[in-house]
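Chain residues, written in single-letter form:
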Amino acid sequence: MPFPRPRGAGAEPRLALSDVFGGNTGAINVIERQGQIVFHATGDCGSTRGPKTQNEVTDKMIGDFTESDAREVPQFALLLGDIVYSFGEPEFYYDQFYEPYRNYYAPVLAAAGNHDGMISPLAHATSLEAYLRNFCSDPGGGFTVTPEAGGLSRTAQIQPGVFFTFDAPFCRVLVFYSNTLEDPGVIANDTIGHGQIDFLRAALQRVKRESYTGALLFAHHHPPYAIGGQHSSSTEMRQQMDAVCAETGIWPHAVLAGHGTRTSASLGSDRTGPKSPTSSAAMAVTTCKNCMLKEASRYGRRKSSIPEQPTRTRSCSNDMTTRITDT
Ligand SMILES: [Fe+2]
């Protein structure tokens, strides 16, 4: 389905963690001095089966704020789509987002999933209307609290739109909207336009121009690859992204995705390992099918001449944090 263009001019809408922190550069400086950033990445977090399992996930996430080592405290969460089920309408946001995250102490950003763009044929609403109001609020008038928050104090997120570049210390995340089909994910065609391809090209050209040395991540809801489970790979979407990566010579260190409970991330793409020209990184993400918790990953920001270091992997420990370390 067509979607509104993000705010702002140019092909690459941008948001920085400092913007999300309300201009608190002191907090950014602390992260940079610590030499590491930790964030949560989890997808398909809405639930129509009651709050129990969803609250178990958010309780674990909130527990990470009591880490004794300040370097391990998460700085933000990036939801990988399907924030609410089954339809992306305003009435589902309080129970499935605001209430479960009411004690989550950091900002929450979100890629839109297929359920966030789906609207019931019986509803008087338009696709993505509630998502845009709650995650893409225009900060020109200051931070706002939406009616969906039901009086809770979390302000609406200020993303420029459904696709944008998010810059944080040590990492840059390119967020895409893979639209409303169950399968496959779609980022560009003649119906929805090719703005996300132009965005990807502009973002990768900037990475190259700036000789960016942090971890480069892609994030979207539908997985580029899916093995088993009830969802398929998104082959055309992956090939479109690969073509731009090949054209620019810049490849992501990792892709974060939701949608399928078994598949949440992949390294590189069809013909790649990490190939960013100025850094190398390693990561691993697995999911626990039963509890849908995302497993940890570790990215290393390294100088190009430093060889890869072993990647920490575990099969299921309910640790959803992602660490990017300046090494
Ligand atoms: Fe989905």
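Please refer to the structure placed before this passage.
Reading the values: the criteria
- Residues numbered from 1 in each chain as written.
- Predicted model: local features only at pLDDT ≥ 70, side-chain atom pairs only at ≥ 80, totals over all residues.
- Axes fitted to C-alpha atoms, helices over the stretch in contact; angles between N-to-C directions.
- Helix = DSSP H or I, 4+ residues; strand = E, 2+ residues; numbered from the N terminus.
- Parallel < 35°, antiparallel > 145°, perpendicular 65-115°, else oblique.
- Left-handed = near helix turned anticlockwise from the far one by under 90°.
- Contact = placed C-beta atoms within 7 Å.
- Nonpolar A, V, L, I, M, F, W, Y, C, P; charged D, E, K, R; others polar.
- Expected span 1.5 Å × (residues − 1).
- Buried ≥ 20, exposed ≤ 12 C-beta atoms within 10 Å, placed from the backbone.
- Arc of directions from axis to C-beta.
- Pairing = 2+ DSSP bridges.
- Right-handed = clockwise from strand over helix to strand, strands pointing away.

Sorry if this is basic, but what is going on with the packing of helix α7 (residues 195-210) against helix α8 (residues 235-248) here?
Each pair of packed helices gets described by two things: the angle between the helix axes and the distance between those axes. Remark: α7 packs on α8, axes separated minimally by 10 Å, with the N-to-C direction vectors making an angle of 30°. What the angle tells us is that α7 and α8 run roughly parallel. Read as a crossing pair, α7 and α8 show a hand that is right-handed. Only Q240, M241, V244, C245 and T248 of α8 make contact with α7, whose side of the interface consists of I197, L200, R201, L204, Q205 and K208. Its residues assigned to classes, the contact of α7 with α8 comprises six nonpolar, three polar and two charged.

Would you mind showing me how to read helix α3 (residues 52-63) here?
In an α-helix there are 3.6 residues to a turn, and that puts residues three or four apart on one side. With twelve residues, α3 ought to run about 16 Å at 1.5 Å a step, and its terminal C-alpha atoms sit 16 Å apart, in line with that. Regarding α3, the residues found buried are Q54, V57, T58 and M61. Considered in projection along α3, the buried side chains sweep an arc of 90° and stay on one side of the axis. Of the exposed residues in α3, those oriented more than 90 degrees away from the buried face are K52, D59 and G63. Looking at the buried residues of α3, the elements they touch are β2 (36-42) and β3 (77-79).

What is the right way to look at the pairing of strand β6 (residues 171-175) in this model?
When you tally the buried positions in β6, you get five out of five residues, the bulk of the element. Where strand β5 (residues 164-168) lies against β6, five bridges are found, and the strand directions are antiparallel. By the bridge assignment, F164 is partnered in β6 with V175. In this antiparallel pair of consecutive strands, β5 and β6, the connection spans two residues, and F170 shows a positive phi of 75°. The sheet contact formed by β6 and strand β7 (residues 215-220) spans five bridges and is parallel. Paired with V175 across the bridge in β7 is A219. Running through α7, the crossover from β6 to the neighbouring parallel element β7 is right-handed.

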